[in-house]
Amino acid sequence: MQAFDFVSAQSVDEVVAALAAGGERARPLSGGTDLLAQMKEGRRSYATVVDLKRIPELMEVRVGADGLWLGASVPCHIVNNNADIQKMYPALHDSTGLIGGTQIQGRASLGGNLCNASPAADGIPILIVHSATAHIAGPNGTRTLPADEFCVAPGRNALQNGEILVALQLPAPAKNFGAAYLRFIPRNEMDIAVVGVGVSVVLSDDGQTIQSARVSLGAVAPTPLYVKAAGDALAGQPVSEETFEKAAQIAREAAKPISDMRGTIAQRKHLSGVLTKRALRIAIDRARGTTTVDSLGRLNGNG
Amino acid sequence: MAVTEKAVRTANGTNGHGNGNGNGHGPATSKPAEGYNVIGSRPVRPDGVDKVTGRAIYGADVRLQGLLYGKVLRSPHAHARILSIDTSKAEALPGVKAVVTGADLPTAADKVEDLGESAINLKYLSANILAHDKALYHGHAIAAVAAVDSHTAEEAIGLIEVQYEVLPPVMTVNDALADNAPILLDNLRTNEMGEMGTKPTNLAQHFRHQRGDMDAGFAAATVIVERNFRTETVHQGYIEPHTGTAQHNIDGQVTIWASTQGTFAVRNQTAEILGIPVSNIKVIPTEIGGGFGGKINVYLEPVAVMLSKKAGGKPVKLVMSRTEVLQATGPTSGSNIRMKIGADANGKITAAHAELYYEAGAFPGSPVGAAANVVLAPYAIDNLQVDGYDIVVNRPRSAAYRAPGGTNAAYATESVLNEIAEKLGLDQAHIRLLNGAKQGDRRPDGVQYTEPVGLLETVQAIAESDHYNTPLTGKYQGRGIACGYWNNWGGKSSATAILNADGTVSLNEASTDIGGSRASIAMQFAEAIGIGYEQVKPRVGDTDSVAYNDVTGGSRTTFSTGMAAYNMGVEMLAQMKERLADIWDVEAVEFAGGSFTGGDNSASFEQAAALIYKTGEPLMVSSTVFPRSFGPGFSTQLADVEVDPETGKVTILRYTIAQDVGRAIHPSYVEGQMQGGVVQGIGWALNEEYIYNEKGQLLNGSLLDYRMPTALDLPMIETILVEVPYPGHPYGVRGVGEVNIVPPVGAIANAIYNATGVRMEEVPMSPARLLAAMGEK
Amino acid sequence: MAKKVMVQSVINGDDTAFLCETRQTLLEVLRDELGMTGTKEGCGNGNCGACNVMLDGVLVNSCLVLAVEAEGRTVTTIEGIAPADGLHPLQQKFLEHAALQCGICTPGFIISSKALLEHNPNPSEHDVRLWLAGNLCRCTGYDKIVRAVLDVASAN
């Protein structure tokens, strides 16, 4: 690594000032599980690194009737062990419980995962389907941005010079809401997603109709995708395998993957469809309080 | 020494966690085997406390006064001529104390050095340490620096300027053998079945084994199956990266601290590469964090010596990053294999022809020779031919990896055998019982199994196992069997034993302890002399402490060094009896039940030791051994898999390994070898491979994308220890470390076929490949 | 040479101050500056768990923590988990079950397992394997490691 100045910021204002002064050569540090790896490999280099983890607003967790306020630097293990979050947003745990293994979850944060803006990030599709909002602070004050607009290119986020992500806000789930995140990896842990799919649904009271839905795909485009067409196609449809197949078809078409050492185009398009169906089944089970599929979203454990 | 009858022993908890102790989870009981006092028990290893507390010193843990830190500059190109190297800016960086390149190496002799499990031309070994005129793989070492800290060293190598003439890379068997293929080594000529060729080539050697009449054999076959297989490059994957620390004193004496499988191998190679007398070099073993054959060749040690010399004698430590390990050490060969087997209507093999094309990496010396012994070795075949091809490509030079060459070969054999079984409607265990090798049969190169071997017993053990007799329960589940063979090895060992006044015995040996061998060596000594295991204090010494020792590898350590321990136990007991006879002035002294008796005198072992210490010269014995024959190992394995048809993902549901272990000295460590080899094989089968881009650069040089199995990817591994003792060892020991990695890829390929009807011809059988293959069906 | 900063931390219960460059990881400082070589480097990028320590009681990869981030925090390493007069039950059971062969991954596994049992004193086999998925072992195939951890848990 190149040498750098380390600033242990105590307030949002302090971070913003340090980042604004440092420009491209300054970078905020949350869990560091991506940033430090990149700096050690020489892929990124900075003159100033600003630690966010001592700033109260960024480490704050508030769960209540009006939703979830999750500080940007709150590590996954906190989310994993928070009973209120588990109760209100069980699907968040689908992501925070599998990012990189236990040790990574001791440091990595959903906010950091979003800011790192990897196309294959495990934390972003689930934020998108929960309609999460990013709360940003900068030299010109504060602003918000929907999670699905936060990533602009592989590894590049929408933050301007001097800005940081302060928190993620998730609205309280509607009645009959259910969500899920599934990813495909060659092993059972520790891999980057070949494809990741987040799904959320709101069902009718009798649980037979999908009133609205959101679908998000990871690792099949330069940024995590919000596939509005899939949610539109699901709205008003009955809960059935035919409906799921329609959504899968749209997902396959929306996916624009590349072939690289982690997956091929054909494989990724195919998996986009498979995982969309499976995630839908889980989300619907959660919305209804039923258990018709296994933890991978397969009927009778066999697809 | 009487050879007891063969025994079959299942490990603790093969069907769950129970062990009959009442506590469902407790460790296996530690009683010795029947007829023994120590052998077969499961004591705690003597280096155990150090290893669970973090006190044990591995290569990277060495700390010395004045230590400098080294870093290596590596080629970004797979194939390039090195036109010039300018190190001036690096030398000028404050904190840099030395810089070396290939130009600092003496001219290497064109001679072959025997390293035990493999042999290497020293010219090539030298060029692998620091490139001579060409960079031959992505990651090939070009230059090295030593500096006051590792960050300065890292900055320094960034300042070295190298001019390359980039050449087209040659990455696979097919690339290398194509007409007009770029030539890697200008002086390489094909050794074509003993005759040296005249044309420049990438084919280093073609050899052939044959016997019988293959044409007649195939003519007599009812069923013939011929398949082409491809396996990818895989790495040994030890968790500890390579290190080398050395101090080259002003007086020419060199000390090396090495994390190695063989201190004497390090000494010999370093002496040859640097042109230093062997006697000037002392190699001190640190603990070693895994080897599997990959820590026999030197990489960093000679570089550390060169840097230390240039830095005025300060010690220099080099530690590889994981990326360097993957780019530039090991791995084992990728291969193309054609396998053709014919069988009669009953399933008896009538002929076989195997063609093994192995990628050696940048320099000749792939394990294709050993592979040619392993392929078809579990079966009695009268008519066969094996052709082996050693081929250079722009990948890191291959190094031994646990039964080198065997896994690839067995994958092909076991796959084709199952196809034959299916065509004839035969059960996969049955066809192996029908054809399985016994004492008297020969392996492909003609070497005969002159003593009893346990192949059939292991097939039988699988066929009778609870696993085999439990039906599969799901649509996409499948079951596959495979067998494997490994020759094992004897090799040279030396050791000394010293009787201490308190009745303990200090045992000095030089077999670096990768997997608990201190314990099994101490146990054999204790058994031979008749004392308790706790009274023996084994120590692994440096190259000055005992005479020559071959490497800890080749499945030889428990066998050979154990033999030396046995000899010493017998000899020490004899000398103690003699001394006591003298002290007590009696004709004869007996030793039984822990007591020496002679006339009216008696003494416990401890009392005897004190008496001997007080009354005369110290008592020390030694033994040097070089067993010329040794027992081979066989293994039969059973894999149950479940395939997710929508994703191509394979889950291992259940796995059982049966292995002929001769005699299990310490069953826990024997089980551990079996389980470890199986899991490496599972990784090889499912996900491990080197992925290169079109320029020949390694893309997945990190443990994120070189995917080894995690705890979550596996079930418990059930072990069945079959004991067919090898008569040539006092306790019937056979090497156990390697044969276990030979069958898994074949077993899993067979299980995947059983689950999906898809015969995978490429390994790893990763989800993308399996999904595509299932789609094509 | 880059400028060094002073860090005050509590390591294995002892107040510890050290000098380091900001670019040095906690792993590097533990090993090279403080001589605590029980924590190992296997991969450098959070994929093998050999470098595991507990930071403020949370399991982390010390290769991905800057040493300066330890300011005012507590660190627990393998050197600090045994009681004054013996071994931690995990250390004892790893020995009894022969849950180590080369031993290089063992400190990382023991720290991880300790964190597991503090979080969940009664894990199932699946719980153990999931928690330990970030610790790679190449020698044992994990079988005896999982048994050792379950054995310790069964005493809870």
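Just so you know, these numbers come straight off a predicted model, no measurement behind them. (Residues numbered from 1 in each chain as written. Chains lettered and ligands numbered in written order. Predicted model: local features only at pLDDT ≥ 70, side-chain atom pairs only at ≥ 80, totals over all residues.)

(A) Here's a closer look at the overall build of chain B. Looking only at helices and strands, chain B features 19 helices and 32 strands. By the compact-globule yardstick of 28 Å for 777 residues, chain B fits well, its C-alpha radius of gyration being 27 Å. Overall, chain B is about 85 × 75 × 50 Å in size when its C-alpha atoms are taken along their principal axes. In chain B, which comprises 777 residues, the share counted as buried stands at 63%. (Helix = DSSP H or I, 4+ residues; strand = E, 2+ residues; numbered from the N terminus. Rg over C-alpha atoms; globule rule 2.2 N^0.38 Å. Buried ≥ 20, exposed ≤ 12 C-beta atoms within 10 Å, placed from the backbone.)

(B) Layout of the overall build of chain A. When you go through chain A residue by residue, the secondary structure sums to 11 helices and 14 strands. In summary, chain A has a C-alpha radius of gyration of 19 Å against a globular reference of 19 Å for 303 residues, a match within 12%. Considering chain A as a whole, with its 303 residues, one finds that 57% of them fall into the buried category. In chain A, 62% of the contacts between residues at least 6 apart in sequence involve partners at least 24 apart. (Contact = placed C-beta atoms within 7 Å.)

(C) Region of interest: the interface of chain C and chain B. Listed as interface residues are 50 residues of chain C and, on the opposing side, 54 residues of chain B. Elements supplying a minimum of two residues to the side of chain C that touches chain B: α2 (89–96), α3 (106–119), α4 (125–131) and α5 (143–154) of chain C. No other element matches the 7 residues that α5 of chain C contributes to the side of chain C that touches chain B. A breakdown of the residues in the side of chain C that touches chain B according to their chemical character gives 24 nonpolar, 15 polar and 11 charged. (Nonpolar A, V, L, I, M, F, W, Y, C, P; charged D, E, K, R; others polar.)

(D) Molecular detail of the sheet that holds strand β2 (residues 14–21) of chain C. Residues and elements named next belong to chain C. Taken together, 5 strands build an open sheet; the order of strands is β2-β1-β5-β3-β4 and the sheet is mixed. Strands with a single pairing partner mark the edges of an open sheet, and in this sheet they are β2 and β4 (58–61). Between one strand axis and the next, the sheet turns by 40° as a mean value, whatever way the strands run. Bridge analysis of strand β1 (residues 4–11) against strand β5 (residues 74–76) gives 2 bridges, and the strand direction is parallel. What sits directly across from valine 10, in β5, is threonine 74. (Pairing = 2+ DSSP bridges. Axes fitted to C-alpha atoms, helices over the stretch in contact; angles between N-to-C directions.)

(E) The arrangement of the sheet that holds strand β12 (residues 203–211) of chain B in detail. Residue and element names in this part refer to chain B. Strand order in the open sheet made by the 8 strands is β11-β10-β12-β20-β19-β18-β13-β32, with mixed pairing throughout. Single-partner strands in this sheet number two, and they are β11 (195–196) and β32 (762–763). One ladder, built from 2 bridges, connects strand β13 (residues 223–231) with β32; its direction is parallel. Bridge assignment links threonine 231 to a residue of β32, and that residue is valine 763.

(F) How the structure looks around the domain arrangement of chain A. Domain annotation of chain A identifies domain 1 (5–51), domain 2 (59–170) and domain 3 (177–288). Computed from C-alpha atoms alone, the centre-to-centre distance between domain 1 of chain A and domain 3 of chain A is 34 Å. (Domains from an automatic or database assignment.)

(G) Layout of the interface of chain A and chain B. Between chain A and chain B, the contact holds 17 residues from the first and 21 residues from the second. Sort the elements by how many residues they give to the side of chain A that touches chain B and helix α11 (residues 265–288) of chain A lands first, with 3 residues.

(H) Layout of helix α10 (residues 241–254) of chain A. Residues and elements named next belong to chain A. Its 14 residues give α10 an end-to-end C-alpha distance of 20 Å, which sits within 8% of 20 Å, the value for a rise of 1.5 Å per residue. Inspection of α10 places Thr243, Phe244, Ala247, Ala248, Ile250, Ala251 and Ala254 among the buried residues, and these make up the whole buried set. Taken end-on, α10 shows its buried residues confined to a sector of 165°, consistent with a single buried face. Away from its buried face by more than 90 degrees, α10 exposes Glu241 and Glu242. Buried-residue contacts for α10 involve β13 (210–218), β14 (225–226), α9 (228–234) and α11. (Expected span 1.5 Å × (residues − 1). Arc of directions from axis to C-beta.)

(I) A look at the pairing of strand β6 (residues 133–138) of chain A. Residues and elements named next belong to chain A. Of the strand pairs in this sheet, β6 and strand β7 (residues 141–146) are connected by 6 bridges, and their pairing is antiparallel. Paired with alanine 137 across the two strands is threonine 142, which belongs to β7. Linking β6 back to β7 in an antiparallel pair, the connection comprises 2 residues. As defined by bridge partners, β6 adjoins strand β10 (residues 164–170) across 5 bridges and the pair is classed as antiparallel. Looking across to β10, one finds that alanine 137 is bridged to isoleucine 164.

(J) Looking closely at the domain arrangement of chain B. Residues and elements named next belong to chain B. The assigned domain composition of chain B is domain 1 (31–58 + 490–625), domain 2 (62–167 + 240–289 + 295–328) and domain 3 (335–488 + 631–776). The gap between the C-alpha centroids of domain 2 and domain 3 is 36 Å. Contacts between the two partners involve 19 residues from domain 2 and, on the opposite side, 20 residues from domain 3. For the side of domain 2 that touches domain 3, the secondary-structure elements that each account for two or more residues are β6 (119–121), α3 (122–129) and α9 (322–328). In terms of residue count, α9 provides more of the side of domain 2 that touches domain 3 than any other element does, 5 residues in total. Residue classes in the side of domain 2 that touches domain 3 are distributed as 9 nonpolar, 8 polar and 2 charged.

(K) Broad picture of unusual backbone geometry. Here the amide bond leading from valine 763 of chain B into proline 764 of chain B is cis, since omega sits at 10°, within 30 degrees of zero. The residue proline 764 of chain B is located in the loop between β32 and α19 (767–776) in this model. Its identity is not glycine, yet methionine 190 of chain A carries a phi of approximately 75°, on the positive side. By the secondary structure assignment, methionine 190 of chain A is in the loop between β11 (177–184) and β12 (195–203). Unlike most non-glycine residues, asparagine 180 of chain B shows phi in positive territory, near 60°. Here asparagine 180 of chain B is to be found in the loop between α5 (173–177) and β10 (191–192). Given 5 C-beta atoms within a 10 Å radius, asparagine 180 of chain B is considered exposed.

(L) Representation of the environment of valine 739 of chain B in the model. All names here are of chain B. Examined against the element boundaries, valine 739 turns out to sit in the loop between β31 (717–723) and α18 (744–756). Overall, valine 739 belongs to the buried group, with 34 C-beta atoms counted inside 10 Å. Once the C-alpha coordinates of valine 739 and aspartate 175 are considered, the two residues, 564 residues apart in sequence, prove to be 31 Å apart. When residues no more than four places from it in sequence are discounted, the contact partners of valine 739 are Ala403, Gly484, Tyr485, Trp486, Gly633, Phe634, Ser635 and Gln659.

(M) Main features of the packing of α10 of chain A against α11 of chain A. Residue and element names in this part refer to chain A. In contact at an axis separation of 8 Å, α10 and α11 are set at 145° when each is read in the N-to-C sense. Both α10 and α11 take part in a crossing whose hand is right-handed. Contacts between α10 and α11 pair Phe244, Glu245, Ala247, Ala248, Gln249, Ala251 and Arg252 from the former with Lys269, Ser272, Gly273, Thr276, Lys277, Leu280 and Arg281 from the latter. Among the residues making up the contact of α10 with α11, the classes are represented as 5 nonpolar, 4 polar and 5 charged. (Left-handed = near helix turned anticlockwise from the far one by under 90°.)

(N) Spatial organisation of the environment of alanine 248 of chain A. Residues and elements named next belong to chain A. Positionally, alanine 248 belongs in helix α10. Between the alpha carbons of alanine 248 and valine 16 there is a distance of 42 Å; along the sequence they are 232 residues apart. Setting aside residues up to four positions removed in sequence, alanine 248 forms contacts with Gly273, Thr276 and Lys277.

(O) Representation of the confidence of the model for chain B. All names here are of chain B. Overall, the prediction assigns chain B a mean pLDDT of 95, with 96% of residues at 70 or greater. Segment residues 12–23: pLDDT under 50, and 21 contacts once partners within four positions in sequence are set aside and those in other chains are kept. The ipTM value of the predicted complex is 0.98, and its pTM value is 0.97. (pLDDT = per-residue confidence, 0-100.)

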